[in-house]
Amino acid sequence: MPDRPRLTREQIAQRAALELPDGAYVNLGWGIPNLISDYLPAGITVYFHSENGILGMGRRARAGEEDFDLVDAMKVPVTLVPGASFFNQADAHLMTRGGHLDVAVLGGFQVSEKGDLANWKIPGAKGSGGIGGAMDIASGTKTVVVCMEHTTRDGAPKIVRECTYPLTGLRCVTTIVTDLAVIDVTPSGLTLREVAPQWTAGEVQQLTGANLNFNGTPPEMHLK
Amino acid sequence: MKQKIFSHIDAAIADVPDGARMMFGGFGGAGFPNNLIQALARKGTRDIFAISNNCGTRDGELGILFKLNRIRHIIASFPGPHSNHFQERLAAKEVTIELVPQGILCERMRAAAAGLLGFYTAVGVGTEVAAGKEERVIDGKRCILEMPIHADFAFIKAEKADELGNLTYRLAAQNFNPIMAMAAKTTIVEVEEIVPTGSIDPESVMTPAIFVHRIVQAKGIRYAG
């Protein structure tokens, strides 16, 4: 594997933040996606949705201002922005499953070339695993961005022809942002849109378990 | 007229039998009926069929019931990172679980509340949760049949009740509570405050009194996770 720096988790979040259009209603999943709210570009306003019944979540609560009836889906005390609203869990998921949100950013263990997502259970892991809101969100949201490392700790590709991990949803992923690339899922397969600084498209292809389409030299990943 | 207010929490749950199907509200530490759960633990009810988003947080929330081995089966969406008592019982095969996507868990309870006998959804198609479920194609979309989830009892948490049982919830602490209130035969609510009938503005009622059968004021444990 080439010995060159990859994007940090924060940089993946920073790049994924650029996928959020102004005014969008957005759900952020566990892991890297949860960092995105710190990296919204200037001039962009988005409304964060939480599956426990909040639209218009603001920043995390500071020490002393926490209210434990006002937490995000990761149980972290948060604040609200002006115009926020509360509702019950069924309506929160009516928003996800019913296609009312604009973008969801989820973590991932594997994404297939057809856009299948596996993100809730690692085969052989101890315990029950947990689905949470991921299947509803993946099923219904118009644009699903997955943030993850390009390969596992052992160097195996996480972008594959067919997922081998338990699935979250079929053909649900729109775009993948990794520490090496931005990749779009299209009807004709995966398109390599951007490549991390100092990496080549060929090197990214070698670390990917499915074919990547690209013309010439894809541009460098846009960070800030 | 039947009095819904119970002055003692143990009396409010005295008739919950062994083997009861029970819903428990709460999410992310907020809106859990912790005092009712503790009372159920004291009472010693066994072989509970539980329905809840998660499976306890250490000894808190449903954790105490798993610790005491009182739950035999649970329908849940996200057991949670601190559901150690549940995970131990699961490993020992003392409890079984049906994992359900969170929004589908909500809708299956709503279907029970609404007198619907099931519904089709694309959520879970091609995944483990589709196993054994009827699949068909509607509007060109693969979907699976999901069945209602009923319960004998719902234990829920609200901020305020009037004497009739009209409820309001605080911030994001409503989560599953209003849904479960509608889906169970007998809904028992613990509240911070009981106010005279008529003092909650009708426009502000979040769960209408028709869904609430027993009310108990319980200020003991607010956050147990």
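See the structure above.
Read on for an overview of the structure.

Scanning chain A for helices and strands turns up four helices and 13 strands. With the C-alpha coordinates aligned to their principal axes, the bounding extent of chain A is approximately 50 × 40 × 30 Å. Counting only residues that meet the buried cut, chain A has 49% of its 224 residues in that class. Sequence separation of at least 24 residues holds for 65% of the intrachain contacts in chain A that already meet a minimum separation of 6.

What follows is about the overall build of chain B. Along the backbone of chain B there are six helices and twelve strands. The C-alpha radius of gyration of chain B comes to 18 Å, within 12% of the 17 Å expected for a compact globule of 225 residues. With the C-alpha coordinates of chain B rotated into their principal frame, the extents come out at 55 × 40 × 30 Å. By the burial criterion, 52% of the 225 residues in chain B qualify as buried. Partitioning the intrachain contacts of chain B with sequence separation of at least 6 by distance along the chain shows that 73% fall at a separation of at least 24.

Let us look at the interface of chain A and chain B. Across the contact, 31 residues belong to chain A and 36 residues belong to chain B. The set of elements that each furnish at least two residues to the side of chain A that touches chain B consists of helix 2 (89–97) and helix 3 (134–140) of chain A. It is helix 2 of chain A that contributes the most residues to the side of chain A that touches chain B, five residues altogether. When grouped by side-chain class, the residues that make up the side of chain A that touches chain B number twelve nonpolar, 13 polar and six charged.

On to the pairing of strand 11 (residues 184–195) of chain B. Residue and element names in this part refer to chain B. Of the strand pairs in this sheet, strand 9 (residues 151–162) and strand 11 are connected by ten bridges, and their pairing is parallel. Residue pairing across strands places Ala161 opposite Ile194, the latter belonging to strand 11. As judged from the four bridges shared by strand 11 and strand 12 (residues 214–217), these two strands associate in the parallel manner. The residue of strand 12 that forms the bridge with Ile188 is Arg214.

Let us look at the environment of Ile159 of chain A. Relative to the elements of secondary structure, Ile159 of chain A occurs in strand 9 (residues 159–160). Along the chain, Ile159 of chain A and Pro5 of chain A lie 154 residues apart, while their C-alpha atoms are 19 Å from each other.

Pairing in this open sheet of three strands is mixed, and the strands run 7-6-9 (chain A) from one edge to the other. Whereas interior strands pair on both sides, the edge strands pair on one side only; in this sheet they are strand 7 (117–118) and strand 9 of chain A.

Moving on, we come to the nonpolar core. The tendency in soluble globular proteins is for nonpolar side chains to be buried side by side. Ranked by size, the top nonpolar core spans 134 residues in total, and within it Val105, Val146 and Cys147 of chain A together with Ala154, Met180 and Ala183 of chain B carry the most contacts. It is strand 9 of chain B that provides the largest number of residues to this core, a total of seven residues. Val105 of chain A has contacts with Ala16, Val26, Leu28, Gly29, Pro33, Ile36, Val145 and Cys147 of chain A, leaving out every residue within four places of it along the chain.

In this section: the sheet that holds strand 11 (residues 181–186) of chain A. All names here are of chain A. Within the open sheet, the ten strands sit side by side as 4-3-2-1-5-8-10-11-12-13. Their pairing is mixed. Strands with a single pairing partner mark the edges of an open sheet, and in this sheet they are strand 4 (78–86) and strand 13 (212–213). With three bridges connecting them, strand 10 (residues 175–177) and strand 11 associate as antiparallel partners. Looking at strand 11, one finds that Val177 is bridged to Val182. In the packing of helix 1 (residues 9–17) onto the sheet, the strands contacted are strand 5 (103–107), strand 8 (143–147), strand 10 and strand 11, and the crossing angle to strand 8 comes to about 165°.

Residue and element names in this part refer to chain A. With seven of nine residues buried, helix 1 lies mostly within the body of the structure. Within the span of helix 1, buried status applies to Gln11, Ile12, Ala13, Gln14, Arg15, Ala16 and Ala17. Tucked inside the fold, the buried residues of helix 1 contact strand 5, strand 8, strand 10 and strand 11.

Right, let's get into the environment of Lys75 of chain A. Considering the arrangement of structural elements, one finds Lys75 of chain A in the loop between strand 3 (54–60) and strand 4. By the C-beta count within 10 Å, which is 17 here, Lys75 of chain A ends up partly exposed. Lys75 of chain A sits 60 residues away from Met135 of chain A along the chain, and the two C-alpha atoms are 19 Å apart. Discounting residues that sit within four places of it in the chain, Lys75 of chain A has contacts with Gly28 and Gly29 of chain B.

This brings us to the pairing of strand 5 of chain A. Residues and elements named next belong to chain A. Burial within strand 5 is extensive, with four of its five residues counted as buried. Two strands pair when backbone bridges link them, and strand 1 (residues 25–28) and strand 5 are joined in this way by three bridges, in the parallel orientation. Paired with Leu28 across the bridge in strand 5 is Val105.

Calculation rules
- Residues numbered from 1 in each chain as written.
- Chains lettered and ligands numbered in written order.
- Predicted model: local features only at pLDDT ≥ 70, side-chain atom pairs only at ≥ 80, totals over all residues.
- Helix = DSSP H or I, 4+ residues; strand = E, 2+ residues; numbered from the N terminus.
- Buried ≥ 20, exposed ≤ 12 C-beta atoms within 10 Å, placed from the backbone.
- Contact = placed C-beta atoms within 7 Å.
- Rg over C-alpha atoms; globule rule 2.2 N^0.38 Å.
- Nonpolar A, V, L, I, M, F, W, Y, C, P; charged D, E, K, R; others polar.
- Pairing = 2+ DSSP bridges.
- Core = buried A, V, L, I, M, F, W, Y, C linked by C-beta atoms within 7 Å.
- Axes fitted to C-alpha atoms, helices over the stretch in contact; angles between N-to-C directions.

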